[in-house]
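Survey of secondary and tertiary structure
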Amino acid sequence: MASGNIHVRVSGQLEAHLQQQIGEDGLYENASEYIRALIRRDLQTREEAWETLQKELAPAMRADDSEFVTVTADDVIRRNQRR
């Protein structure tokens, strides 16, 4: 896979935060390392969210159709208004 370049301009709080993350006092040698770490973390978080969703939906996917109740949009709205 070819390496790509992107250019991002940051200022204000974003620039201050970036500068804290890089260099002698930061965890990263340069901005590119920090950005790559953020992207990896984002991908991992997305993967974990997908796994959690699959676990939550698994019982419903295995359930028999007779276990489901038909509701209308109005039913859902009324239910949500009571919360």
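Check the entry above for the structure.
Below, the structure is looked at part by part.

The rules behind the values
Residues numbered from 1 in each chain as written. Predicted model: local features only at pLDDT ≥ 70, side-chain atom pairs only at ≥ 80, totals over all residues. Heavy atoms only, no water. Salt bridge = Lys/Arg side-chain N within 4 Å of Asp/Glu carboxyl O. Helix = DSSP H or I, 4+ residues; strand = E, 2+ residues; numbered from the N terminus. Core = buried A, V, L, I, M, F, W, Y, C linked by side-chain atoms within 4.5 Å. Buried < 20%, exposed > 50% of the residue type's maximum accessible area, 1.4 Å probe, protein only. Contact = heavy atoms within 4.5 Å. Phe/Tyr/Trp six-rings, centres within 6.5 Å; stacked < 30°, edge-to-face > 60°.

In this section: the pattern of salt bridges. Counted under the stated rule, the structure contains 1 salt bridge. The salt bridge partner of Arg 78 is Asp 75, with a shortest N-O separation of 2.8 Å. Of this pair, Arg 78 and Asp 75 both sit in helix H3 (residues 73-82), 3 residues apart, which is roughly one turn of the helix.

Let us now look at the nonpolar core. Residues Leu 18, Ile 22, Tyr 28, Tyr 34 and Ala 37 constitute the largest nonpolar core, which totals 5 residues. With residues near it in sequence (within four places) discarded, Ile 22 still touches Tyr 28, Glu 29, Asn 30, Ala 31 and Tyr 34.

The subject of this paragraph is the packing of aromatic side chains. Summed over the entire model, instances satisfying the criterion amount to 1 aromatic pair. On the numbers, 5.2 Å between centres and 50° between planes, the contact of Tyr 28 with Tyr 34 is tilted. Grouping residues by exposure puts Tyr 28 and Tyr 34 together as buried.

Turning next to the side chain of Gln 21. Position of Gln 21 among the secondary structure elements: in helix H1 (residues 12-21). Under the relative-accessibility criterion, Gln 21 is labelled buried at 17%.

Functional significance is not addressed by these values, which are geometric in nature.
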